[in-house]
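Structure assessment
This is what each chain is made of:
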Amino acid sequence: MLMKIRVFQIDHEKDEKNLAFRDYQTVLAKNGRIDESIYKQVYGGEVPCRTLEEVYSLCNGENKPLGYIAESMSVSNVVEVTQSNNRCCFYVDSVGFKMVDFDTSKADRSDMMRILILENEKVPYEAEISHDIHAMQNVVDGSIEPIYFTPKDDAIVYCNDEFLLHDYAPNRFVGEILVHGTFFVVGNTRNDYGEWESCSLTEEQVAKYMQQFWAYLVPIEKLEQQEEECDESEDIGLSQI
């Protein structure tokens, strides 16, 4: 089961009242309420969790969601959970989680970048990661290499630049290039200085590349195994005639 979440953490540079890592009652005592303006979004996406406790464990473990490079989840974080059209926010307390009124539009989300991640043997899925080279490298598990594949240059693929040197299984074709291992699609635009830089995908782009990359390749090992099984079944069939 997947949960669609966003994670918000206090920006320490804005934390004048020292509210980071404080339990809910302490925050109320010191500030009267949760101040959304000192929070920033650090991650967003669908995670393989059924409960908030599982989300907490995931964001504190070794295998955090791809692109999650923020602090481990801790007290004072706020988790937004969206199911269908229902949205709820939960404050990570010293014990458990407390449902709170939290206006995400007042938090700083300017650093977030919407991307589409393509893992081996998985359908494409969206994520929101920091517009940061380290977050981008985290997704592909190494240094990134661009692959240009659209005539308009309004989107770009980033993969691990050494995917041929690693024991990564073949993933998908990007144009005529067979990419091995995890890669992602991100928007591509010119800034005020005329330089190309990454940006969030639009709704239309997400739908387009979701469809384009929906089908994934079967790893070569599985193909060879299937061929061997087919050969064995043919031999058995002949012996029975």
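Let us look at the structure shown here. Everything quoted here is computed from the prediction, not taken from an experiment. Sequence order sets the numbering: in each chain, residues are counted from 1 along the sequence as written. The predicted origin of the model limits local features to residues at a pLDDT of at least 70 and limits the giving and counting of side-chain atom pairs to 80 or more, whereas totals for whole chains, interfaces and linings rest on all residues. Excluding hydrogens and water, the side-chain values take into account all heavy atoms of the structure.

Observations regarding empty space enclosed by the protein
To locate leftover empty space, one rolls a probe as large as a water molecule over the atoms. For each structure, a 1 Å grid was placed over the protein atoms alone; sets of points admitting a 1.4 Å probe that cannot get out are labelled cavities, open sets with protein on both sides within 12 Å along at least five of seven lines are labelled pockets, and lining residues have an atom within 4 Å of a point. Grid points are joined across faces, edges and corners, and a volume is the space filled by probe spheres set on the points. Taken as a whole and judged by the stated rule, the model has one cavity of 30 Å³ or more. Considering only enclosed or pocket space, the largest cavity measures out at about 40 Å³ in volume. I10, L19, V27, R33, I34, D35, I38, Y39 and Y91 together form the lining of the largest cavity. In terms of residue class, the lining of the largest cavity is built from seven nonpolar, no polar and two charged. Polar here means any residue other than Ala, Val, Leu, Ile, Met, Phe, Trp, Tyr, Cys and Pro, which are nonpolar, and Asp, Glu, Lys and Arg, which are charged; Gly is therefore polar.

As for unusual backbone geometry
Phi is positive for S84, which is not a glycine, with a value near 55°. The way it works is that DSSP assigns letters per residue, a run of H or I at least four long becomes a helix, a run of E at least two long becomes a strand, and they are numbered from the N terminus. By the secondary structure assignment, S84 is in the loop between β3 (78-83) and β4 (86-92). When its relative accessible area of 72% is taken as the criterion, S84 is described as exposed. With a phi angle near 65°, D141 is a residue other than glycine that sits in the positive phi range. Considering the arrangement of structural elements, one finds D141 in the loop between α3 (133-140) and β8 (144-148). Only protein chains enter the accessibility calculation, which uses a 1.4 Å probe; a residue is then buried when its area is under 20% of its type maximum, exposed when over 50%, and partly exposed in between. On the basis of relative accessibility, which here comes to 58%, the residue D141 falls in the exposed class.

Some points on the pattern of salt bridges
Counted as salt bridges are all cases of a side-chain nitrogen of Lys or Arg within 4 Å of a carboxyl oxygen of Asp or Glu. In this structure the tally under the stated criterion is 10 salt bridges. With a closest N to O distance of 3.3 Å, R50 and E54 form a salt bridge. Under the relative-accessibility criterion, R50 is labelled exposed at 60%. Judged by relative accessible area, E54 falls into the partly exposed class, the value being 27%. A salt bridge links R109 to E128; the shortest N-O distance between them is 3.5 Å. Of this pair, R109 sits in the loop between β5 (97-100) and β6 (112-118) while E128 sits in strand β7 (residues 125-130), and the two are 19 residues apart along the sequence. A cluster of three or more residues bridged by salt bridges with shared partners is formed by R6, E80, R87, R109 and E128.

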